[in-house]
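The chain contents come next:
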Amino acid sequence: MQSYTEAVVESSCEPAYADVNWDELGFNLIPADYMYMMKCTDGESFSHGFLARYSKLELDPSAAILNYGQGLLEGLKAQRAKDGQILLFRPEEHGLRMKMGAERLCMPSPSVEQFVDALKQTVLANQHWVPPPGKGSLYVRPLIIGSGPVLRMGPAPEYTFLVYASPVGNLHKGQMSMKLVIQDKSHRATPGGTGGIKSITNYSPVFKPISEAKAAGFSDILFLDAATGKFIEEASSCNVFTVKGNVISTPALQDTILPGITRKSIIDIALSFKYQLWVSLLLLV
């Protein structure tokens, strides 16, 4: 079976850790010490980046990210193995997905090599924030934002690529399973929109229905397609699979469904274990 992780650093001695109670680690922001930044102007390519202390950003009030939501995000984890290695989960795939999203939003993107190098530099600079084996992971958040000022609607004249990190525990800590509710009044994505990329603008529109679902005792929402309301698409921030016997089913990718890296990995692993895979429209019955 192919490997899905890449070694970032190896250590033969006892690692030094940040002053954190790892047993009580939740999924909340604890900023690691360093972040990575790289800038470029419209029409040019990203070239040289640098590490800096984690700090607030200075943006013009007319920055494209603030006025027109021109921005992308990614998210992946670095974990510490028992042998001391720190591993990233399929970073190249995240770099490729960011390039796809950047093209859709008329933004430049780092090369996959630049993307992976930035992740490694960020993790190495913050390696004492990577939890001990089995205690959690270092969540790594890459972003591209239209940081340049623009008044008329259109792409920004300047872009910023940055990577920051935070140690996290299990997002669903204490839950043996998730309790989902079908949502047919609001939709996560619409045909022809940006549901197939990790646009920053995809997420806040579902805050209200998710809050209402959680207030009613549910973990998340299972969104249906906007065109017919008959087919299952995604939860608020993850792909969906169903399992029946030896058959695994998942909705086919289209512009309303994000091509998840975990989704792709589950499909690869399922096929290696000889499961039957059904990738199609999942009819709500």
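See the structure above.
As the structure is a prediction and not an experimental result, all values here were calculated from the model. (Residues numbered from 1 in each chain as written. Predicted model: local features only at pLDDT ≥ 70, side-chain atom pairs only at ≥ 80, totals over all residues. Heavy atoms only, no water.)

K.L.:
Go over the sheet that holds strand β12 (residues 242–244) with me, naming the residues and quoting the values.
P.N.:
Strand order in the open sheet formed by three strands is β12-β13-β14, and the pairing between neighbours is mixed. A single partner strand is all that each edge strand has here, and the edge strands are β12 and β14 (276–280). Between one strand axis and the next, the sheet turns by 20° as a mean value, whatever way the strands run. In this sheet, strand β13 (residues 247–251) lies alongside β12 in antiparallel orientation, the contact comprising three bridges. Looking at the pairing, Val243 lines up with Ile248 of β13. Against the sheet, helix α5 (residues 261–272) contacts β13 and β14, and its axis sits at roughly 160° relative to β13. (Pairing = 2+ DSSP bridges. Helix = DSSP H or I, 4+ residues; strand = E, 2+ residues; numbered from the N terminus. Axes fitted to C-alpha atoms, helices over the stretch in contact; angles between N-to-C directions. Contact = heavy atoms within 4.5 Å.)

K.L.:
Kindly report on the environment of Gly148, identifying the contributing residues and their values.
P.N.:
Tracing the backbone through its elements, the reader meets Gly148 in the loop between β7 (137–146) and β8 (158–168). The buried category is assigned to Gly148, whose relative accessible area is 0%. Between the C-alpha atom of Gly148 and that of Tyr159, which follows or precedes it by 11 residues, the distance is 6.4 Å. Non-local contacts of Gly148, meaning those with residues more than four positions away in its chain, are made with Ser62, Ala63, Ala64, Ala156, Pro157 and Glu158. (Buried < 20%, exposed > 50% of the residue type's maximum accessible area, 1.4 Å probe, protein only.)

K.L.:
Any details on the environment of Thr242? Residues and values, ideally.
P.N.:
For Thr242, the location among the structural elements is in strand β12. Looking at Thr242, the relative accessible area reads 35%, which means it is partly exposed. Sequence separation of Thr242 and Trp278 is 36 residues, and the distance between their C-alpha atoms is 9.6 Å.

K.L.:
Please give an account of the state of the cysteines that cites residues and values.
P.N.:
For the coordinates displayed, the defined rule picks out zero disulfides. There is no disulfide at Cys40, and the cysteine sulfur nearest it, in Cys106, is 14 Å away. Under the relative-accessibility criterion, Cys40 is labelled buried at 6%. Given the relative accessible area of 49%, Cys106 is considered partly exposed. (Disulfide = S-S within 2.5 Å.)

K.L.:
A description of unusual backbone geometry should follow, citing residues and the corresponding values.
P.N.:
The phi angle at Cys106 is positive, at roughly 60°, despite the residue not being glycine. The topology assignment puts Cys106 in the loop between α2 (91–104) and α3 (112–125). With a phi angle near 70°, Lys274 is a residue other than glycine that sits in the positive phi range. Along the chain, the position of Lys274 falls in the loop between α5 and β14.

K.L.:
So what about the pairing of strand β6 (residues 86–89)? Which residues, and what values?
P.N.:
Here β6 shows one buried face, formed by Ile86 and Leu88, and one open face, formed by Leu87 and Phe89. Summarising the sheet, strand β5 (residues 76–80) and β6 pair through three bridges and their orientation is antiparallel. Paired with Ala78 across the bridge in β6 is Leu88. Count of turn residues in the β5/β6 antiparallel hairpin: five residues, of which Gly84 carries a positive phi of about 100°.

K.L.:
Give me the packing of aromatic side chains: which residues, what numbers.
P.N.:
Evaluation of the coordinates by the stated rule reveals six aromatic pairs. Note on Tyr36 and Phe161: the rings are 6.4 Å apart at their centroids and 70° apart in plane angle, and the pair reads as edge-to-face. Of this pair, Tyr36 sits in strand β2 (residues 34–41) while Phe161 sits in strand β8, placing them 125 residues apart in sequence. The class of Phe161 is buried, set by a relative accessible area of 0%. An angle of 70° between the planes, with centres 6.1 Å apart, marks the rings of Tyr54 and Tyr164 as edge-to-face. Of this pair, Tyr54 sits in the loop between β3 (49–53) and α1 (64–68) while Tyr164 sits in strand β8; the two residues are 110 residues apart in sequence, bridging distant segments of the chain. Put simply, the rings of Tyr36, Phe46, Phe115 and Phe161 touch in pairs and so form one group of aromatic residues. (Phe/Tyr/Trp six-rings, centres within 6.5 Å; stacked < 30°, edge-to-face > 60°.)

K.L.:
Summarise a nonpolar patch on the surface; cite the residues concerned and give the values.
P.N.:
Together, Val243, Ile269, Phe273 and Tyr275 give the surface a local cluster of nonpolar side chains, amounting to about 380 Å² of exposed area. Looking at where Val243 falls in the secondary structure, it is placed in strand β12. Its relative accessible area of 59% is what places Val243 among the exposed residues. (Patch = residues over 30% accessible without salt bridge, like charges linked within 9 Å, V, L, I, M, F, W, Y side chains within 5 Å. Areas by Shrake-Rupley, 256 points an atom, 1.4 Å probe, with all protein chains shown as cover. Salt bridge = Lys/Arg side-chain N within 4 Å of Asp/Glu carboxyl O.)

K.L.:
Mind laying out the side chain of Ser265, listing which residues take part and the relevant values?
P.N.:
Mapped onto the elements, Ser265 comes out in helix α5. Within the structure, the side chain of Ser265 is placed 2.8 Å from the side chain of Arg90, a separation counted as a polar contact. (Polar contact = N/O pair within 3.5 Å; in protein donor to acceptor, adjacent residues only side chain to side chain.)

K.L.:
How would you sum up the pattern of salt bridges? Please name residues and give values.
P.N.:
Working definition: two side chains of opposite charge can pair if their charged atoms are close together. Counting across every chain of the model gives seven salt bridges. Here Glu93 and Lys264 are joined by a salt bridge, their closest N and O atoms 3.0 Å apart. Here the residue Glu93 occupies a position in helix α2, and Lys264 occupies one in helix α5, the gap between them amounting to 171 residues. Residue Lys264 is classed as partly exposed on the basis of its relative accessible area, which comes to 37%. Two residues, Glu212 and Lys208, come together in a salt bridge whose shortest N-O distance is 2.7 Å. With Glu212 and Lys208 both in helix α4 (residues 207–215) and four residues apart, the pair spans about one turn of that helix. Take Glu212: its relative accessible area is 44%, and that puts it in the partly exposed class.

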